[in-house]
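Listed below, chain by chain, are the residues.
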Amino acid sequence: MTKDICIIDYDIGNLLSVKRSVEMLGFNAVITKEEKKILNSEKAILPGVGAFRNGMNLLKKNNLIEVIYRFTESKKPILGICLGMQLFFDESSEFGYTKGLELIRGKVKKLPIKDNEKELKIPNVGWNELIIKKKDRLFSNVGEKNSTYFVHSFMAVPKDNFVVTSVYRFGDQEVVASVNLDNIFGCQFHPEKSGKVGLNILKNFICN
């Protein structure tokens, strides 16, 4: 069955690598900022790397904020990756206060710089084991060996714990790795850079 996957283009992030990963799985993917194409797609992906404020400014510049609202209101699934996931939240303190899309209650703040024993290296770059809290559609068939690839300096802090589907250990703290609220899904890690585990998670999003 053909799946029409839209990758939202707001002039930021890892668009091509996400597109290649979707196509490796055998599905159609289009990178676009056109309202009609986004709203007519079966599922959407909002990628992103970089700063929260710049991401929101670019969504606004490209007239995509209302498009994203309309897509989520249609109840079709949308997946935010890295910065894309963070933008779903109410606000961020990165470079000062910036209002987010307010689709998921909570805020984005800097990763802790130390735990009880040592200084922590920021940004967190590399592979981390996921601790799955909830088997939503992304993790329905993901086993215990599930390292995924992270590159980030800021973390999401949801107001409600029930949206958290997985975490990872950063020093002596748990950091949110993925979230789900109804048709809205988010991964702090990069599934497109996370080998077989990441491709499996992407496939779950597309097929389930």
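To be clear, the structure that these remarks concern was listed above.
A brief look at the structure comes next. (Residues numbered from 1 in each chain as written. Predicted model: local features only at pLDDT ≥ 70, side-chain atom pairs only at ≥ 80, totals over all residues. Heavy atoms only, no water.)

1. Describing the pairing of strand β10 (residues 147-152)
Under the convention used in this document: Working definition: with a 1.4 Å probe on protein chains only, accessible area under 20% of the residue-type maximum means buried, over 50% means exposed, and in between means partly exposed. Each helix corresponds to a stretch of at least 4 residues labelled H or I by DSSP, and each strand to a stretch of at least 2 residues labelled E; elements are numbered beginning at the N terminus. Strands were regarded as paired on the criterion that DSSP finds at least two bridges between them.
Going residue by residue along β10, you find T148, F150 and H152 tucked away on one face and S147, Y149 and V151 left uncovered on the opposite face. As paired elements, strand β8 (residues 124-129) and β10 share six bridges and run antiparallel to each other. Pairing of W127 across the sheet is with Y149, part of β10.

2. Observations concerning the packing of aromatic side chains
Going by this rule: Note on ring pairs: Phe, Tyr and Trp rings are taken, using the six-membered ring of Trp, and paired if centres are within 6.5 Å. Classes follow the plane angle, with under 30 degrees stacked, over 60 edge-to-face and the rest tilted.
Per the stated rule, a full pass over the model turns up four aromatic pairs. Their ring planes at 65° and their centres at 5.8 Å tell us that F150 and F189 sit as a pair that is edge-to-face. Of this pair, F150 sits in strand β10 while F189 sits in the loop between β14 (184-187) and α6 (195-207), and the two are 39 residues apart along the sequence. Here F150 matches F189 in class, with each residue buried. On the numbers, 6.0 Å between centres and 75° between planes, the contact of F185 with F205 is edge-to-face. In this pair, F185 is assigned in strand β14 and F205 in helix α6, connecting sequence segments 20 residues apart. Classification of F205 as buried rests on a relative accessible area of 0%. Members of the aromatic cluster, joined through ring pairs, are F150, Y168 and F189.

3. A few points about the pairing of strand β11 (residues 154-158)
Counting buried positions over the five residues of β11 gives four, a clear majority of the element. Bridging between strand β7 (residues 104-110) and β11 involves five bridges; their strand directions are antiparallel. Its bridge partner lying in β11, K110 is registered against F154.

4. Section: the sheet that holds strand β12 (residues 164-170)
Just so we agree on the cut-off: Note on definitions: a residue-residue contact is assigned when non-hydrogen atoms from the two residues lie within 4.5 Å. Axis definition: a line fit to C-alpha positions, over the contact stretch in the case of helices; interaxial angles, taken between N-to-C directions, run 0 to 180 degrees.
Taken together, the eight strands give an open sheet; going across it, the order is β2-β1-β3-β4-β14-β13-β12-β9, and neighbouring strands pair in mixed fashion. Each end of this open sheet is capped by a strand with a single partner; those strands are β2 (28-32) and β9 (131-132). Contacting β1 (4-8), β3 (43-46), β4 (78-81) and β14, α6 runs over the sheet at an angle of about 140° to β3.

5. Here we look at the nonpolar core
We count it as follows: In this text, buried Ala, Val, Leu, Ile, Met, Phe, Trp, Tyr and Cys residues form a nonpolar core when linked through side-chain atoms within 4.5 Å.
Among the nonpolar cores identified, the biggest contains 34 residues, and I8, Y10, L59 and L87 are the most heavily contacted of them. The contact partners of I8, leaving out residues within four places of it in the chain, are L15, T32, I38, A44, I45, L46, P47, L64, I68 and I78. Within the second largest apolar cluster, 31 residues are counted, among which are L138, V142, M155 and L202.

6. Notes on the sheet that holds β11
Overall, mixed pairing links the four strands, which are arranged β6-β5-β7-β11 in an open sheet. Each edge of the sheet is formed by a strand with only one pairing partner; in this case those strands are β6 (98-99) and β11.

7. Quick word on the state of the cysteines
Here is the rule: We call a pair of cysteine sulfur atoms a disulfide when they lie within 2.5 Å.
Evaluated as defined, the whole model comprises zero disulfides. Free of any disulfide, C6 has its nearest neighbouring cysteine sulfur in C187, separated by 17 Å. There is no disulfide at C82, and the cysteine sulfur nearest it, in C187, is 10 Å away. The buried category is assigned to C82, whose relative accessible area is 5%.

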